[in-house]
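Structural features, examined
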Amino acid sequence: MKSSHTVIIGNGISGVTTARHLRKRSNDPITIISGESDHFYSRTALMYIFMGHMRYKDTKPYEDSFWKKNKINLRKDWVTKIDFENQLVHFHQGNPMKYDKLVLATGSKPNKFGWTGQESLGVQGLYSLQDLESMEAAMKRGVKKAVIVGGGLIGVEMAEMLQSRGVEVCFLVRESRFWGNVLPREEAEMIGHHMVKDHHVDLRLEKNLDSIQADEEGWVKSVKIKETGEIIECDFLGLTPGVSPNIDFLKDSGLDLDRGIMVNEYLETNKENVYALGDCAQFLRPPGKNRRNIEQVWYTGRMMGECLGKTLSGNKTPYKPGVWFNSAKFFDIEYQTYGWVFPRQEEDQTTFFWKHPKKDIALRLVFKTQSNQLLGVNAFGIRLRHQLLDEILSSKGSAREFLRYFKDYVFDPEFFTNHGREIVKEYNQEFEDFVELKSKSWNRIKTVLNKNLR
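The model shown is predicted, which means the values in this text are computed figures rather than measured ones.

**What to know about the pattern of salt bridges**
Applying the stated criterion to the full structure yields 24 salt bridges. Salt-bridge contacts for Arg55 lead to Asp58; the nearest nitrogen and oxygen are separated by 2.9 Å. Overall, the relative accessible area of 37% leaves Asp58 in the partly exposed class. Here Glu160 makes a salt bridge to Lys329, at a shortest N to O gap of 3.4 Å. Here Glu160 is found in helix α5 (residues 153–164), whereas its partner Lys329 is found in strand β21 (residues 325–330), with 169 residues between them in sequence. Among the charged side chains, a network of salt bridges with common partners joins Arg185, Glu186, Glu187, Glu189 and Arg364.

Here is the structure:
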């Protein structure tokens with residue numbers, strides 16, 4: 001039987017997971033292409049390289065020998081165009097490559113909105129190794145004050161990175177509270193207060209960037225705020241108002257594009273034997289209730305890769321992501337969210353919010369008003385077991401059940417305080433309910449925790 005060459009453009013979590021799961025089921029040739037790096041690395045660890053907590057080689061999940069051992073070919077080059085009719089990938093350098101099946105896992109690029117001066121030196125986002133190198137070059141030049149535009153997760157990471165090098169940080173956020181399009185008011189205000197009080201960030205809410213000014217060498221020297229006309233001097237400008245699918249090189253190629261590469265539930269494009277996944281893919285129909293048609297999260301990229309690896313080997317598998325999950329860190333505060341917690345409560349829903357009286361530790365539950373069915377959980381400074389949360393939300397369990405066995409859902413390190421007693425007491429008082437703290441059988445918990453390993 002004739003072998004089939006699968007070419008994957010992009011060596012992030014989506015592309016590499018596709019290659020791994022295809023290799024488990026097939027001996028056909030696989031090539032991964034990336035102009036960014038020689039090997040797959042953990043993109044979420046960029047900040048820790050900059051802060052000196054890790055080395056680049058420590059962020060690579062696999063030894064360099066892994067690729068040869070598993071017969072996965074690597075090519076470092078930038079793709080300039082794709083000839084879909086002749087099934088050829090063209091490169092910045094070197095000869096074109098023929099493919100039988102093509103996977104587009106090209107990731108994202110930082111957003112820019114046409115600001116005057118946005119191409120100045122010292123103005124950048126944070127997504128790639130090249131961005132990290134640019135930040136290092138700026139630090140060597142000498143940065144004393146930075147401005148960051150965009151109140152999201154990448155902006156917080158960049159602020160922490162810069163402060164670790166002694167840089168003063170001013171944060172421009174267009175919303176009335178930090179990450180207000182995602183977090184409810186109490187959580188957003190807690191994070192904003194934490195950034196200002198504990199980390200001395202100059203947080204400017206309801207402020208938009210108007211323009212960027214550069215010095216005679218072309219390096220950023222200041223920014224202008226649209227609302228007030230105020231000029232803020234800076235040596236570095238971080239643009240972190242989100243990311244967009246990295247698809248510019250595919251325009252006018254005949255591929256069906258919108259904001260991203262249009263795909264169905266099997267990650268198929270409108271071109272035969274051409275697939276797309278991860279940050280660059282846009283679903284024709286969202287993959288579930290309340291899901292977005294572009295899902296730019298690490299774990300969703302991994303799940304797409306698992307599905308596509310099976311499909312490419314002949315076992316056609318749809319992408320069904322299940323319960324929404326995300327996690328992040330706001331300086332010292334760890335954050336997890338499960339299910340659906342929206343900035344504003346919907347009519348048929350009730351919310352319960354608990355916050356520690358002295359510390360930045362909080363928990364929010366969202367549940368159906370009539371049935372008490374748990375719909376979503378926000379946790380700040382409390383670590384929850386992913387598998388157990390996934391199970392209770394998938395099985396439409398209740399908020400009462402979650403609170404009753406709260407101690408089992410928590411896996412905070414030893415000597416950390418479990419706040420279950422205070423949380424349950426406040427819930428009972430607020431809703432005139434009676435929930436008693438209990439503990440499940442550990443064998444039952446182990447069954448749930450291990451089911452995904454089988």
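After that view of the structure, there is still more to cover.
**Examining the nonpolar core**
Formed by 76 residues in total, the largest nonpolar core has its most connected members in Leu102, Leu104, Leu363, Leu365, Ile382, Leu384 and Phe402. When residues of this core are assigned to their parent elements, the largest contribution, 6 residues, is made by helix α7 (residues 298–312). For Leu104, the contacting residues outside a window of four places in its chain are Ile9, Ile82, Leu250, Leu255, Ile261, Val274, Tyr275, Ala276, Leu277 and Cys280. One finds Tyr41, Phe50, Val147 and Val201 within the second-largest nonpolar core, a separate group that totals 57 residues.

**Here we look at the sheet that holds strand β25 (residues 374–380)**
Sheet architecture is open: 5 strands sit in the order β21-β22-β25-β24-β23, paired in antiparallel fashion. The open sheet terminates on both sides in strands that have one partner only, identified here as β21 and β23 (349–355). Within the sheet, the average angular offset between the axes of one strand and its neighbour, ignoring direction, is 10 degrees. As paired elements, strand β24 (residues 362–368) and β25 share 6 bridges and run antiparallel to each other. Looking across to β25, one finds that Val366 is bridged to Gly376. Set on the sheet, helix α6 (residues 185–199) makes contact with β21, β22 (333–339), β23, β24 and β25; between it and β25 the angle comes to about 10 degrees.

**Points about helix α11 (residues 420–431)**
The α-helix winds at 3.6 residues per turn, so residues separated by three or four positions along the chain end up facing the same way. The end-to-end C-alpha distance of α11 is 16 Å, a good match for the 16 Å that 12 residues give at a rise of 1.5 Å each. Looking only at α11, the buried set comprises Gly420, Ile423, Val424, Tyr427 and Asn428. Take α11 and look down its axis: the buried residues cluster within an arc of 130 degrees, on one side only. Structural note: α11 exposes Arg421, Lys425 and Gln429 on the side pointing more than 90 degrees away from its buried face. Where α11 is buried, its residues contact β23, β24, α9 (399–404) and α10 (406–409).

Rules behind the numbers
- Residues numbered from 1 in each chain as written.
- Predicted model: local features only at pLDDT ≥ 70, side-chain atom pairs only at ≥ 80, totals over all residues.
- Heavy atoms only, no water.
- Salt bridge = Lys/Arg side-chain N within 4 Å of Asp/Glu carboxyl O.
- Buried < 20%, exposed > 50% of the residue type's maximum accessible area, 1.4 Å probe, protein only.
- Helix = DSSP H or I, 4+ residues; strand = E, 2+ residues; numbered from the N terminus.
- Core = buried A, V, L, I, M, F, W, Y, C linked by side-chain atoms within 4.5 Å.
- Contact = heavy atoms within 4.5 Å.
- Pairing = 2+ DSSP bridges.
- Axes fitted to C-alpha atoms, helices over the stretch in contact; angles between N-to-C directions.
- Expected span 1.5 Å × (residues − 1).
- Arc of directions from axis to C-beta.

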